[in-house]
Amino acid sequence: MFKTLIYPVLMSLCFLACEQSEEVQSLSESSYGEVSFSFDDMDVSASNTRTASLDPDQIVVTIQSAEGGELVYDKEALDVISFNGNYISDPIALEVGSYELVEYLVLDENGEVLYLTPLEGSELAYLVDTPLAMSFDIATDDSKQITPEVISPEGYDASDFGYTDFDFEVVNTIDFLMSVHYFDKISESYELTDASVKVYAGDTLLYENDLLNETTQIRVRDEFGTYTIVTSKSGYEQDTVVLDNSSLKFYQDEPLIVILKEIEVEYFDVYAMENSVTGGVGLSVGTFYPGDKITITCAEDDFWYWIVSSSFTNANGASGDLWSIFGFQFRLLSLVGSFDGGITYFKVGTNFETIVDSDEPVELTLYAWDVDFANNSGFVTASVTRQ
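Residues numbered from 1 in each chain as written. Predicted model: local features only at pLDDT ≥ 70, side-chain atom pairs only at ≥ 80, totals over all residues. Heavy atoms only, no water.

Caption draft 1: Here's a closer look at the sheet that holds strand β1 (residues 32-37). If you walk across this open sheet you meet the three strands as β6-β1-β10, and the pairing is mixed. Edge positions in the open sheet fall to β6 (92-95) and β10 (143-146), since each of these has one partner strand only. Each adjacent strand pair in this sheet contributes to an overall mean axis angle of 35 degrees, direction not counted. As paired elements, β1 and β10 share four bridges and run parallel to each other. Paired with Phe 37 across the strands is Ile 146, a residue of β10. (Pairing = 2+ DSSP bridges. Helix = DSSP H or I, 4+ residues; strand = E, 2+ residues; numbered from the N terminus. Axes fitted to C-alpha atoms, helices over the stretch in contact; angles between N-to-C directions.)

Okay, structure coming up:
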């Protein structure tokens, strides 16, 4: 019945006969706990027909850190459920630490205030034993319930409770669970990992955070038809998931599992003499397939030589005139590439990126651009990334 906010799940998926298995492991090292809210009505009047005829629908809370007063939740609207005749809110996640509850209101389905807790120093603070702010602590894996005393606002103004007004917009939200995994080549299984996550609605950024290697609750506004979840981590391909509103809500009780694919990086030494377009042989750096994204980089201070050791350049080639060979023109000792075995060429230089748009697999070869290869020496190292 209750939504689990910090959902301790670890997926272990092994490649065996093309099948994957799942194992659940407790996240005992979680640095979060959770808190839910109920209320103790100190002033329910049978003559109060408005409050008697409407059930609580949401609890609105404002929570700040005890140290520094930084807002953690600002007028956060939590859905309320009835449990054995009592009302309790959905839980929310909080990092381990000390907090203060500084606003607390109970709303009906129309967004009207049914009950609230007065603030300390207000005219009606004497009606409750513990006016706000109310201090509380969250420990690791806590599941805390807080029950402030509330009274009806009937016959009073907001200022009597210490509030500026009762007019505010309640923002409906979606809570969903998410975990990010990668394939560990040593254990030959999928493991949880940290990653950066952004959630968009169209071009609007709704959420941005760095997730730890644990299942995490994410909260976004519930007012869009489609949500785009972008996950990134250094050394891995960016993952993008697009979900409509109802599909995103499916992950309120079980995590959306994202598996990151490692970016393949290889390093190749391209020699000024042995891999020259004239007199040398092109260096093959692999076969690439339609849709593959290829990135090639060489360090700016990585040099190869022509004629004498004092004549050097990086993979961008020497400054000056272009050298024409086989109907193509590039600078002397430019790093060039070919997808057809040296029939046609393109400049690679120190930075190159392309997407294979052929209908069939192609082999990429790299060359040093020079008409007189015999006096060349040295090499540049090309980093080749395949995505």
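Caption draft 2: How the structure looks around the sheet that holds strand β14 (residues 195-201). Read across the sheet, four strands follow the order β15-β14-β17-β18 without closing on themselves; strand pairing throughout is antiparallel. Each edge of the sheet is formed by a strand with only one pairing partner; in this case those strands are β15 (204-211) and β18 (239-244). Between one strand axis and the next, the sheet turns through 15 degrees on average, direction left out of account. Judged from the five bridges that link them, β14 and strand β17 (residues 226-232) form a sheet pairing that is antiparallel. Following the sheet pairing, Tyr 200 is matched in β17 by Thr 228.

Caption draft 3: Spatial organisation of the packing of aromatic side chains. Counted according to the given criterion, the structure contains 19 aromatic pairs. With 5.7 Å between their ring centres and 35 degrees between their planes, Phe 39 and Tyr 115 make a pair best called tilted. One end of the pair, Phe 39, is in the loop between β1 and β2 (40-41); the other, Tyr 115, is in strand β8 (residues 113-116), and 76 residues separate them in sequence. In this structure, Phe 39 and Tyr 115 share a single accessibility class: buried. The ring of Phe 288 carries the charged tip of Arg 386 above its face, separated from the ring centre by 4.2 Å. (Phe/Tyr/Trp six-rings, centres within 6.5 Å; stacked < 30°, edge-to-face > 60°. Buried < 20%, exposed > 50% of the residue type's maximum accessible area, 1.4 Å probe, protein only. Lys NZ or Arg CZ within 6 Å of the ring centre and 35° of its normal.)

Caption draft 4: Expanded view of the side chain of Ser 122. Checked against the element boundaries, Ser 122 lands in the loop between β8 and β9 (134-138). In terms of polar contacts, Ser 122 uses its side chain to reach the backbone carbonyl oxygen of Leu 119, at 2.7 Å. When residues no more than four places from it in sequence are discounted, the contact partners of Ser 122 are Asp 160, Phe 161 and Gly 162. (Polar contact = N/O pair within 3.5 Å; in protein donor to acceptor, adjacent residues only side chain to side chain. Contact = heavy atoms within 4.5 Å.)

Caption draft 5: Spatial organisation of the pattern of salt bridges. Scanning the entire structure with this criterion turns up ten salt bridges. In this structure, Lys 75 and Glu 103 form a salt bridge, with 3.3 Å as the shortest nitrogen-oxygen distance. With Lys 75 in strand β4 (residues 71-83) and Glu 103 in strand β7 (residues 97-107), the pair connects residues that are 28 residues apart, well separated along the chain. For Lys 75, a relative accessible area of 34% corresponds to the partly exposed category. Arg 386 is the partner of Asp 292 in a salt bridge, and the nearest nitrogen-oxygen pair spans 3.3 Å. With Asp 292 in the loop between β21 (283-288) and β22 (293-297) and Arg 386 in strand β31 (residues 377-386), this residue pair connects regions lying 94 residues apart in the sequence. An identical accessibility class is assigned to Asp 292 and Arg 386; each is buried. Where salt bridges share partners, they join Glu 76, Asp 175 and Arg 219 into one cluster. (Salt bridge = Lys/Arg side-chain N within 4 Å of Asp/Glu carboxyl O.)

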